[in-house]
Amino acid sequence: MVRRFRRWLVGLVLVAIAVGGAGWYWFYRQSDEAAIHRLLEQLAYSASRAEKEKTSTGLWKVHSVGELFLPETELEFRTEMFSGKYSPEEIKSNLQRFRQVMRESTVRYRDLELTLTPPDQATVVFTGQLIGRTRDGRRVDEVRNLVCSLRKSEGKWKVARISVRDILEK
């Protein structure tokens, strides 16, 4: 009788673990939209710099940004200096140079429009803002409408292209 009760209890515990695991997976699984939002948050965080930021924190931010880009990513910012096709290593180098010019910077995004094209492509249109101060004391406050093309590679969303969105002005 005791053995039967133990087997029944062990079976009940295993079923509870299986149901709990499946429920946890279903509830916390990451949707494509959430993964893309997290990618954009990581980009903004990596480009931002606190005034008293430690060197090790800056190096970690620059290093981690490389995994967010495809092996060849096109950037088009309407200036020769920042436009072209880049590898993740080149993007990291350019980000490090940018961070050295800035005493502090905050990068934000808003007004996000996300279009998923199954199975592995997405386009995000958003407003990006850079607020900061250069090492020589100049204030920076730039706002641009951007288009970001993403592709899923090895199960993760990565940036394929970022460009300034053309807006008609009067």
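Provided above is the structure to which this section pertains.
Everything numeric in this text was worked out from a predicted model, so none of it was measured.

Looking at this structure, how should I read the pattern of salt bridges?
A side chain of one charge can pair with a side chain of the opposite charge if their charged atoms are brought near each other. In total, this model carries 12 salt bridges according to the counting rule given. For Lys61, the salt bridge identified is with Glu53, shortest N-O distance 2.8 Å. Residues participating in the shared-partner salt-bridge network are Glu51, Glu104 and Arg133.

Mind showing me how you'd approach the nonpolar core here?
One broad trend across soluble globular proteins is that nonpolar side chains are buried collectively. Core analysis: the largest hydrophobic core is formed by 24 residues, its most contacted members being Leu39, Leu43, Phe69, Leu150 and Val159. Secondary-structure elements contributing two or more residues to this core are α2 (32–47), α3 (55–65), β1 (69–76), α4 (88–101), β4 (121–134), β5 (139–153) and β6 (156–164). A total of 6 residues in this core trace back to one element, the largest contributor, which is α2.

Help me out: how do you make sense of the packing of α2 against α3 in this one?
Any two packed helices are characterised by the angle at which their axes cross and by the distance between the axes. Axis separation between α2 and α3 bottoms out at 9 Å; the angle between their running directions is 145°. You can see that α2 and α3 cross each other, and the crossing is left-handed. Of α3, the residues touching α2 (which contributes Gln42, Leu43, Tyr45 and Ser46) are Trp60, Lys61, Ser64 and Val65. Residue composition of the contact of α2 with α3, by class: 4 nonpolar, 3 polar and 1 charged.

Any chance you could explain the side chain of Thr134 here in plain terms?
With respect to the helices, strands and loops of the structure, Thr134 is situated in strand β4. Here the side chain of Thr134 touches Asp136 through a polar contact of 2.3 Å, side chain to side chain.

Is there a simple way to explain a nonpolar patch on the surface in this structure?
A contiguous nonpolar patch, built from Phe5, Trp8, Leu9, Val10, Leu12, Val13, Leu14 and Ile17 and spanning about 810 Å² of accessible area, is present on the exposed surface. Within the element layout of this structure, Trp8 appears in helix α1 (residues 2–28). Trp8 gets classed as exposed once you look at its relative accessible area, which sits at 55%.

Parameters at a glance
- Residues numbered from 1 in each chain as written.
- Predicted model: local features only at pLDDT ≥ 70, side-chain atom pairs only at ≥ 80, totals over all residues.
- Heavy atoms only, no water.
- Salt bridge = Lys/Arg side-chain N within 4 Å of Asp/Glu carboxyl O.
- Core = buried A, V, L, I, M, F, W, Y, C linked by side-chain atoms within 4.5 Å.
- Buried < 20%, exposed > 50% of the residue type's maximum accessible area, 1.4 Å probe, protein only.
- Helix = DSSP H or I, 4+ residues; strand = E, 2+ residues; numbered from the N terminus.
- Axes fitted to C-alpha atoms, helices over the stretch in contact; angles between N-to-C directions.
- Left-handed = near helix turned anticlockwise from the far one by under 90°.
- Contact = heavy atoms within 4.5 Å.
- Nonpolar A, V, L, I, M, F, W, Y, C, P; charged D, E, K, R; others polar.
- Polar contact = N/O pair within 3.5 Å; in protein donor to acceptor, adjacent residues only side chain to side chain.
- Patch = residues over 30% accessible without salt bridge, like charges linked within 9 Å, V, L, I, M, F, W, Y side chains within 5 Å.
- Areas by Shrake-Rupley, 256 points an atom, 1.4 Å probe, with all protein chains shown as cover.

Shape is all these values report; function is a separate question.
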